[in-house]
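Each chain, written out:
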Amino acid sequence: MKSIYMDHSATTPVDPDVFNAMIPYYTDIYGNASSVHSQGQKAARAVENAREQVASLIGASPGEIIFTSGGTEADNQAIITFMSSNQKQGRHIITSAIEHHAVLHTCEYLVKQGFELTVLPVNQEGLVEPDTLRAALRPDTALVSIMHANNEVGTIQAIPELAAITHEVGAVFHTDAVQTVGKIPVNVKDMGVDLLSASSHKLYGPKGSGCLFAKKGVRIGSYLYGGGHERNMRAGTVNVPGVVGFGKAAELAQQRLPQNQAALKDLSQRLTQGILDAIPNTRLTGHPVHRLPGSVSVCFDYVEGESILLMLDSYGIMASSGSACTSGSLDPSHVLLALGLAHETAHGSLRLTMGKDNTQEDVDYVLQVLPNIIKNLRLMSPLGQ
Ligand code: PLP
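All values reported here derive from a predicted model rather than from experimental measurement. (Residues numbered from 1 in each chain as written. Predicted model: local features only at pLDDT ≥ 70, side-chain atom pairs only at ≥ 80, totals over all residues. Heavy atoms only, no water.)

A. Highlighting the pattern of salt bridges. Inspection of every chain in the model, using the stated rule, returns 15 salt bridges. Residue Arg51 is joined to Glu48 by a salt bridge in which the shortest nitrogen-to-oxygen separation is 2.8 Å. In this pair, Arg51 and Glu48 are both assigned in helix H3 (residues 38–58), three residues apart and thus about one turn of the helix distant. A relative accessible area of 4% means that Arg51 is categorised as buried. For Glu73, the salt bridge identified is with Arg234, shortest N-O distance 2.8 Å. Here Glu73, found in helix H4 (residues 71–85), pairs with Arg234, found in the loop between helix H9 (229–232) and helix H10 (240–278); they are 161 residues apart in sequence, far enough to count as distant. Taken as a pair, Glu73 and Arg234 share a single burial class, namely buried. Connected through shared salt-bridge partners, Asp15, Asp17, Arg256, Lys356 and Asp357 make up one network. (Salt bridge = Lys/Arg side-chain N within 4 Å of Asp/Glu carboxyl O. Helix = DSSP H or I, 4+ residues; strand = E, 2+ residues; numbered from the N terminus. Buried < 20%, exposed > 50% of the residue type's maximum accessible area, 1.4 Å probe, protein only.)

B. Up close: empty space enclosed by the protein. Scanning the model with the defined rule gives three cavities of 30 Å³ or more in all. Size it by volume and the largest cavity reaches roughly 250 Å³. At eight residues, H10 tops the list of elements feeding residues into the lining of the largest cavity. Residues belonging to the lining of the largest cavity are distributed by class as follows: ten nonpolar, ten polar and five charged. Summarising the domain contributions, the lining of the largest cavity has at least three residues from each of domain 1 (4–11 + 257–380) and domain 2 (16–252). (1 Å grid on protein atoms, 1.4 Å probe; cavity = no way out; pocket = protein on both sides within 12 Å on 5 of 7 lines; lining within 4 Å. Points joined across faces, edges and corners; volume = space filled by probe spheres on them. Nonpolar A, V, L, I, M, F, W, Y, C, P; charged D, E, K, R; others polar. Domains from an automatic or database assignment.)

C. Representation of the domain arrangement of the protein chain within the structure. Structurally, the protein chain comprises domain 1 (4–11 + 257–380) and domain 2 (16–252). Computed from C-alpha coordinates alone, the two centres of domain 1 and domain 2 are separated by 27 Å. Taken residue by residue, the interface counts 29 residues in domain 1 and 30 residues in domain 2. One can count zero salt bridges joining domain 1 with domain 2. (Contact = heavy atoms within 4.5 Å.)

D. Summary view of helix H11 (residues 305–314). Residues Gly305, Ile308, Leu309 and Leu312 constitute the buried set of H11. The buried residues of H11 occupy an angular sector of 100° when the element is viewed end-on, so they sit on one face. Contacts from the buried residues of H11 go to strand E10 (295–300), strand E11 (317–318), helix H13 (343–347), strand E12 (349–353) and helix H14 (360–380). Positive backbone phi, at 85°, marks Gly316, one or two positions downstream of H11. (Arc of directions from axis to C-beta.)

Okay, structure coming up:
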């Protein structure tokens, strides 16, 4: 049976070049990067090399990169430590209704600690309207956190504009760029962001590795207490193979980005159009143009997303419905509800996210299989007949 992986927004396979780059740091150069002996120093140099590779991918200085255990930790560190360290500036945070739970739940935790939160609505295409942000800003707003691209519907926000509006009142702007780093151009200077989270496993690097970009001069603190690793910004023995893998993945992403981006845009346009043409009562979710290359998200009336996933899996196609973190729960995705979709519609969501190894043949196969799956599921549904 064919095996077609279309769940790259959940995670990506580790690129063989990345894997090879990591191996020596498990076998020969296993020293602790904080040790003074030659093994330790070799490991430390590899970490600094990776810092340069990651910084280069996002247009930052190496000194502005803090390695973390991934996107979730970077989001937690950015939001919690910034708010705790800048209380004189204010105790008000703004975020959007479609953020990943790594941001939303972190903000909710801060509310329990007495901070104030405004959650901005988005329009039907998943965009935060600049005027909505402008109206929510207050003199005591210290931080605005709005994701670069959404993991479920792929909408890419107008970050430069949102960051500029935030700066007008002297607040700091954080973006969760976990879904965009390595997939579309991300440049912290062009975007005007102060804090940015990234994760290695979304760009063909290993899981459990990521970073927080903190612009020079932005006051944040360490989220973990312990040793003085990462210039006192992240306690804990550095995950040298994970960091080296992230660095290599960043280097490869930088080289391959234009080519991958164009190919994925083409594939996702064909897949989207093919689905909409072949299956009635279907809608595209997210922005039709400003969306992640390779990301197709749709809702089918009268069917359950979970059933579609099981049927697709029986044909060797791996996809998802809502985000990996929320699947398993029967609640419809908070993102789709925030876009204004009815509960019944949101239940019929499908996300197909392609990556660098997907082909036109993969798209054709999905288009060959999916219409019949939906047709059969609708025949079984009391509403779909
Ligand atoms: N933010 C977004 C937008 C994501 O898509 C994810 C993962 O799916 C995360 C944060 C969490 O990143 P990590 O898995 O590295 O903790």
